[in-house]
Amino acid sequence: MRVDVIRPQELGPADVAAWREMQRATPHLGNPFLSPDFAVAMGEVSAEARVAVISEESGRLGFFPFERHTGGVGTALGAWVSLCQGVVHAPGAQFDAETLLRRCGLHVWEFGCMVDGQPWFQPFEVLRQEAVILDLADGYPAYLEGLRERSPKFLKSTLYKERKLGRDIGELTFDFAVRDEEQFRLLRRWKSDQYLKMGRPDRFGRPWVVELAERLNAIDTDGFAGPVSMLYCDGKPVAGHFGLRSDTTLVGWFPAYDPAFAKYSPGLIQHLKMAEAAAATGLRAMDLGVGTGSEYKESLRSRGEPVTEGCVRRRSAGAAAHWLRTTPIRRARQFILDSPALYGAADRAMKRYGDLRTRMKAR
């Protein structure tokens, strides 16, 4: 096995074609975050972005996107925002995780949303969760019927609020792929305000995230796009979403809404409209990411798909130093996640902090 580590921009047409063919041949690798398009866009905004091109005599065997940081510490590519990570590989390929890291010049590789079906990383998992999937393979009416059976009160309430919003404010319309920079900026402002209120770090407060989002939004091909969707009421935007899609899957990434319309739950209406439009364009699923602590995701779900978090460490001094720096923090975080009472208390504390930040910003 040969491993060549390159910048994403150095991928040649044959590499990209092989990468796409691997995704088509192995459906669970079809997530847009595992696409060469995402890797190349990350390479344009991050000097640490790399791709390990894995080959054997017969040709390309796989592609391993990652970021390489000081001290031989690696992370998933775009780890702070990525919702799917792992090796894109040919069917039946097998790897040794520690050998792969050594060939990449890494002592450690951290992952947070590992796609299922990567047994070489399984011994290093520390947390296993489920991403929420909306199954659109049989069309939107079939999804809606399943939702009616699983979450009848949720669906009834959401459809009632949709009708009430239309009666109170004006006609509802929806656009699955808006091409308007000002509306994209509006959506980002909504999301930044939401992060502020929740007491969480603002993703769009980082210039590289904004640049990445704009680069991805500019792509619109059959196999990959970064669409902005918008829900309008009487012609006024009330909710929106920016995500990524492949030729099979739309990934929920940055949903937000105008808080002035909060009592109508426009974000929930937006998600149902997105599911309907996605199914109409031939997409087979919507992936909303991990659903832990999110009631609306659990209400919308058709099924779950495993995603894992963990850290691969080689038997090296660099890996040992990393363990000493990070393991106590990971264990404390896991202890909180495993305790509903502690998780709830932490969430409430973050929201109180967010309310304080919001009031200070308003002064």
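Note that the coordinates shown come from a computational prediction; the quantities given were computed from them, not determined experimentally. (Residues numbered from 1 in each chain as written. Predicted model: local features only at pLDDT ≥ 70, side-chain atom pairs only at ≥ 80, totals over all residues. Heavy atoms only, no water.)

### Quick notes on the environment of A278
- Inspection of the secondary structure puts A278 in helix 8 (residues 266-280).
- Along the primary structure A278 and F176 are separated by 102 residues, whereas in three dimensions their C-alpha atoms are 7.9 Å apart. (Helix = DSSP H or I, 4+ residues; strand = E, 2+ residues; numbered from the N terminus.)

### What about the packing of aromatic side chains?
- Applying the stated criterion to the full structure yields 16 aromatic pairs.
- With a centroid separation of 5.3 Å and an interplanar angle of 25°, the aromatic rings of F64 and F66 are classed as stacked.
- On the basis of relative accessibility, which here comes to 0%, the residue F64 falls in the buried class.
- For F66, a relative accessible area of 0% puts it in the buried group.
- Look at W109 and F121: their rings are 5.1 Å apart centre to centre, the planes differ by 40°, and that puts the pair in the tilted class. With a gap of 12 residues between them, W109 in strand 6 (residues 108-114) and F121 in the loop between strand 6 and strand 7 (125-135) connect regions that are remote in the sequence.
- Relative accessible area serves as the criterion here: at 1%, F121 is assigned to the buried category.
- Through a chain of ring-to-ring contacts, the aromatic side chains of F33, F38, F184, F204, F242, W253 and F254 assemble into a single cluster.
- A cation over an aromatic ring shows up here: R188 above the ring of F184, its NZ or CZ 4.6 Å from the ring centre. (Phe/Tyr/Trp six-rings, centres within 6.5 Å; stacked < 30°, edge-to-face > 60°. Buried < 20%, exposed > 50% of the residue type's maximum accessible area, 1.4 Å probe, protein only. Lys NZ or Arg CZ within 6 Å of the ring centre and 35° of its normal.)

### Things to note about the pattern of salt bridges
- Scanning the model with the defined rule gives 21 salt bridges in all.
- D168 is the salt-bridge partner of K164, the closest N and O atoms lying 3.2 Å from each other. A residue pair is termed a helical-turn pair when its members lie 3 or 4 positions apart in one helix, as K164 and D168 do in helix 5 (residues 152-168) at four residues.
- Among the residues examined, K164 registers a relative accessible area of 27% and is labelled partly exposed.
- Classification of D168 by relative accessible area gives partly exposed; the value is 38%.
- One network of salt bridges, in which partners are shared, links E181, E182, R185 and R189. (Salt bridge = Lys/Arg side-chain N within 4 Å of Asp/Glu carboxyl O.)

### Examining the side chain of D258
- In this structure, D258 sits in the loop between strand 11 (249-257) and helix 8.
- Despite its burial, D258 remains without a salt bridge, the nearest opposite charge being carried by K236 at 4.2 Å.
- Only 2.9 Å separates the side chain of D258 from the backbone nitrogen of A260, close enough to count as a polar contact. (Lys, Arg positive; Asp, Glu negative; His and termini not counted. Polar contact = N/O pair within 3.5 Å; in protein donor to acceptor, adjacent residues only side chain to side chain.)

### Considerations on the confidence of the model for the chain
- Across the chain, the average pLDDT comes to 90, with 87% of residues at or above 70.
- Counting contacts from residues 331-337, a segment whose pLDDT is below 50, to residues more than four positions away or on other chains yields 11 contacts. (pLDDT = per-residue confidence, 0-100. Contact = heavy atoms within 4.5 Å.)

### A short note on the packing of helix 1 (residues 13-25) against helix 2 (residues 36-45)
- Two numbers describe how helix 1 lies on helix 2: the axes approach to 10 Å, and their chain directions differ by 135°. Taken together, the axes of helix 1 and helix 2 lie oblique to each other. Of helix 2, the residues touching helix 1 (which contributes V16, W19, R20 and Q23) are P36, D37 and A39. (Axes fitted to C-alpha atoms, helices over the stretch in contact; angles between N-to-C directions. Parallel < 35°, antiparallel > 145°, perpendicular 65-115°, else oblique.)

### What about the pairing of strand 3 (residues 59-69)?
- Where strand 2 (residues 49-56) and strand 3 come together, eight bridges link them in antiparallel fashion. Residue pairing across strands places V51 opposite P65, the latter belonging to strand 3.
- Linking strand 2 to strand 3, which pair antiparallel, is a turn of two residues.
- Bridging between strand 3 and strand 5 (residues 88-89) involves two bridges; their strand directions are antiparallel. (Pairing = 2+ DSSP bridges.)

### Examining helix 2
- Counting buried residues along helix 2, eight of its 10 residues qualify, which places the element largely inside the surrounding structure.
- Of all the residues in helix 2, the buried ones are P36, D37, F38, A39, A41, M42, G43 and V45.
- For helix 2, the elements touching its buried residues are helix 1, strand 2, strand 3, helix 7 (207-217), strand 10 (236-245) and strand 11.

### Re helix 1
- Between the first and last C-alpha of helix 1 there are 18 Å, a value that for 13 residues agrees with the 18 Å anticipated at 1.5 Å per step.
- Taken residue by residue, helix 1 has D15, A18, W19, M22 and Q23 as its buried positions. On an axial view of helix 1, the arc spanned by its buried residues comes to 140°, and they lie on one face. Set apart from the buried face of helix 1 by more than 90 degrees, the exposed residues are P13, A14 and R24. (Expected span 1.5 Å × (residues − 1). Arc of directions from axis to C-beta.)

### Regarding the packing of helix 5 against helix 8
- For the pair helix 5 and helix 8, the least separation of the axes is 9 Å and the interaxial angle reads 100°. In terms of orientation, helix 5 and helix 8 fall into the roughly perpendicular class. On helix 8, the residues touching F154, L155, T158, L159, K161, E162 and L165 of helix 5 are L268, I269, L272 and K273.
- Residues belonging to the contact of helix 5 with helix 8 are distributed by class as follows: seven nonpolar, one polar and three charged. (Nonpolar A, V, L, I, M, F, W, Y, C, P; charged D, E, K, R; others polar.)

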